[in-house]
Amino acid sequence: MTGFLNESVPFLDLKSMSAEIADDVLPAWRQMFLEGQFVGGPPVEIFEAEWAEYCGTEHAIGVANGTDALLLTLRALGIGPGDEVVCPTNTFVATAEAIVLAGAVPRFADVSPDTLLLTPATLRAAVTPQTRAVLVVHLYGQMPDMDGIAAVAAEAGLLIVEDAAQAHGATWRGRRAGSFGAAGCFSFYPGKNLGAAGDAGAVVTDDAELAERLRVLRNHGRSGGSHHSHTMVGTNSRLDTLQAVVLSAKLRRLEGWNVLRRALMDQYREGLAGTAVRFVEVAPDATSVHHLAVVRVPQRAQVQQELGRLGIATGIHYPVPCHQCPAFIEYAREPLPVAEAAADEILSLPLSPHMSLDQVSRVCTALREVLEGLQPMAEVRHVV
Ligand SMILES: Cc1ncc(COP(=O)(O)O)c(C=O)c1O
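Novice: Sorry if this is basic, but what is going on with the packing of helix H10 (residues 300-309) against helix H12 (residues 357-372) here?
Specialist: When two helices pack together, their arrangement is captured by the angle between the axes and the distance separating the axes. One way to put it is that H10 packs onto H12 with a least axis distance of 10 Å and a crossing angle of 130°. By the criterion of interaxial angle, the relationship of H10 to H12 is oblique. In this structure, H10 meets H12 at a crossing whose hand is right-handed. Together, Val303, Glu306 and Leu307 of H10 and Ala366, Leu367, Val370 and Leu371 of H12 make up the contact between the two elements. Within the contact of H10 with H12, the residues separate by chemical class into six nonpolar, no polar and one charged.

So this is what it looks like as structure tokens:
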């Protein structure tokens, strides 16, 4: 095992990704910098058109980040005070933040023990007469049963908004993330499958009126092509020109990178077969883009610490479900046992497209060794 101490495995390899696109990006950046073109312009419009086409939607509206994509979408749909919005509790807090910032109330729902995603049944259980929408989260790169969720939403008269921040290119029955709901919201935070060189985001939709409201909201409520006609209380949430160039360069490689992620996940499954490691399952109708390599392990704290000692960087997405976070506890209604149990067991292993199969093997060998060395829980308690 001593070799492992010298060969650490990073959680995410952004340097290799940047190196791959540097020749596309740096000359364009240089020119834009010298010309002073920083806000709007053809690169933003080109990326918006490319992103809409990729997602299979009519429109894409670039914004400053994924949280704004969610917040502005809820606002543009007229969701606010007096409304409830259902979302799964096991998500990044931005999902819940957007609901509260829009003035609505988050209704947290539990998830499937297999996929850790919202299900038609957990959605139905969270709906009340005040519920106006469901914010479906495609966590870890996978979409839930969108047909079942759409049926429950139709029955209850709910709008569907997709939080697709972790699912660039994921599909459900062949249809891409972002193209199911009234709108799909993306983050292009650097670590995402499609990431900018800083913060960026976008909303995709087929609804021309919604797209127009979003364009107005992101630009200080300006409308009608006039710089001084402010028809709505908007905000400043534009996609930077420099970021649009990076996103277009990476979009050309996204499919290939997602294929590499899938191959690395297959290797993880093979390398950890027969151990106590439990993978998040991918439903037969879903294609995951494996934003994160999440597994469930016993004695997570000890496993994570031991892996760290062996040079394997890991993460936890997310250790506290939203309904148990101090910021959102006032919205907690009932225990959500599946998400609560998962929060204590989940561990995100290193994963990014430039990771080598050899690095995956090293992680698997280290994890096997750590699991074999675990003391049974009863013994641990006795010692303590
Ligand atoms: C599920 C989810 N929703 C929303 C966001 C918010 O995106 P951003 O960080 O770009 O605001 C993220 C990104 O971190 C996320 O993972």
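Let's pick the thread back up.
Novice: What should I look at first to understand the domain arrangement of the chain in this one?
Specialist: By convention, interface size is frequently given as the accessible area that disappears when the constituent parts associate. The domains assigned to the chain are domain 1 (2-13 + 253-383) and domain 2 (16-249). Of the residues lining the interface, 41 residues belong to domain 1; the matching set on domain 2 comes to 46 residues. Overall, the association of domain 1 and domain 2 removes approximately 4,000 Å² of surface from exposure, summing both partners, and the carbon and sulfur fraction of that is 56%. At the surface where domain 1 touches domain 2, the tally comes to five salt bridges. Along the contact surface separating domain 1 from domain 2 lie 28 residue pairs in polar contact (both at pLDDT 80 or more). When residues of the side of domain 1 that touches domain 2 are traced back to their parent elements, those giving at least two are helix H9 (241-271), strand S11 (286-287), strand S12 (293-296) and helix H11 (337-343). Looking at which element gives the most residues to the side of domain 1 that touches domain 2, the answer is H9, with six residues.

Novice: When you look at the sheet that holds S12 in this model, what are you seeing that I'm missing?
Specialist: As a general point, the strands of a sheet are linked pairwise by backbone hydrogen bonds and lie either parallel or antiparallel. Spatial ordering of the open sheet is given by S10-S12-S13, a layout of three strands whose pairing is antiparallel. Edge positions in the open sheet fall to strand S10 (278-279) and strand S13 (346-349), since each of these has one partner strand only. As paired strands, S12 and S13 are joined by four bridges and run antiparallel to one another. Across the sheet, Arg296 pairs through a bridge with Ile346, a residue of S13.

Novice: What is the right way to look at the site of the ligand in this model?
Specialist: The ligand sits among 14 residues. The nearest are Gly66, Thr67, Asp163, Ser187 and Lys192. A distance of 2.9 Å separates an oxygen atom of the ligand from a polar atom in the side chain of Lys192. About the coverage of the ligand: the protein hides 92% of its 390 Å² of free accessible area. Listed by contribution, the elements that provide at least two residues to the shell around the ligand are helix H4 (66-76) and helix H5 (94-101). Sort the elements by how many residues they give to the shell around the ligand and H4 lands first, with three residues.

Novice: Would you explain the packing of aromatic side chains in this entry?
Specialist: Working definition: an aromatic ring pair is given by the centre-to-centre distance plus the angle between the planes. This structure, assessed with the given rule, holds eight aromatic pairs. Ring centres of Phe47 and Phe188 lie 5.5 Å apart, and the angle between their planes is 80°; on these two criteria the pair is classed as edge-to-face. Here Phe47, found in helix H3 (residues 42-55), pairs with Phe188, found in the loop between strand S8 (183-187) and strand S9 (201-205); they are 141 residues apart in sequence, far enough to count as distant. As far as the burial class goes, Phe47 and Phe188 line up, both buried. An angle of 40° between the planes, with centres 5.6 Å apart, marks the rings of Phe92 and Tyr318 as tilted. Taken as a pair, Phe92 in the loop between strand S2 (84-88) and H5 and Tyr318 in the loop between H10 and H11 lie far apart in primary sequence, 226 residues in all. The partly exposed category is assigned to Phe92, whose relative accessible area is 44%. One aromatic cluster is present, built from ring pairs that chain together Phe47, Trp51, Tyr54, Phe186 and Phe188. Of note, Arg175 hangs over the ring of Phe180, and the distance from its end group to the ring centre comes to 4.1 Å.

Novice: Help me out: how do you make sense of the nonpolar core in this one?
Specialist: When a protein is soluble and globular, its nonpolar side chains tend to lie buried together. With 41 residues, the main nonpolar core has Phe47, Trp51, Leu123, Val134, Phe188, Leu194 and Leu247 as its most contacted residues. Broken down by secondary-structure element, the contributors of at least two residues to this core are H3, helix H6 (120-126), strand S4 (131-137), helix H7 (146-156), S9 and H9. Top element by residues in this core is H3. It accounts for six residues. Sequence-distant contacts of Phe47, defined by excluding residues within four places in its chain, comprise Phe188, Leu194, Leu239, Ala244, Leu247, Ser248 and Leu251. Ala98, Ala104, Leu214 and Phe328 belong to the second largest nonpolar core, which has 33 residues in total.

Novice: Sorry if this is basic, but what is going on with the side chain of Thr314 here?
Specialist: Note that Thr314 resides in the loop between H10 and H11. A relative accessible area of 18% places Thr314 in the buried class. A distance of 3.1 Å separates polar atoms of two side chains, one belonging to Thr314 and the other to Gln304.

Each value, and the rule that gives it
Residues numbered from 1 in each chain as written. Predicted model: local features only at pLDDT ≥ 70, side-chain atom pairs only at ≥ 80, totals over all residues. Heavy atoms only, no water. Axes fitted to C-alpha atoms, helices over the stretch in contact; angles between N-to-C directions. Helix = DSSP H or I, 4+ residues; strand = E, 2+ residues; numbered from the N terminus. Parallel < 35°, antiparallel > 145°, perpendicular 65-115°, else oblique. Left-handed = near helix turned anticlockwise from the far one by under 90°. Contact = heavy atoms within 4.5 Å. Nonpolar A, V, L, I, M, F, W, Y, C, P; charged D, E, K, R; others polar. Domains from an automatic or database assignment. Buried area = accessible area lost by both parts, 1.4 Å probe. Salt bridge = Lys/Arg side-chain N within 4 Å of Asp/Glu carboxyl O. Polar contact = N/O pair within 3.5 Å; in protein donor to acceptor, adjacent residues only side chain to side chain. Pairing = 2+ DSSP bridges. Near = heavy atom within 4 Å. Areas by Shrake-Rupley, 256 points an atom, 1.4 Å probe, with all protein chains shown as cover. Phe/Tyr/Trp six-rings, centres within 6.5 Å; stacked < 30°, edge-to-face > 60°. Buried < 20%, exposed > 50% of the residue type's maximum accessible area, 1.4 Å probe, protein only. Lys NZ or Arg CZ within 6 Å of the ring centre and 35° of its normal. Core = buried A, V, L, I, M, F, W, Y, C linked by side-chain atoms within 4.5 Å.

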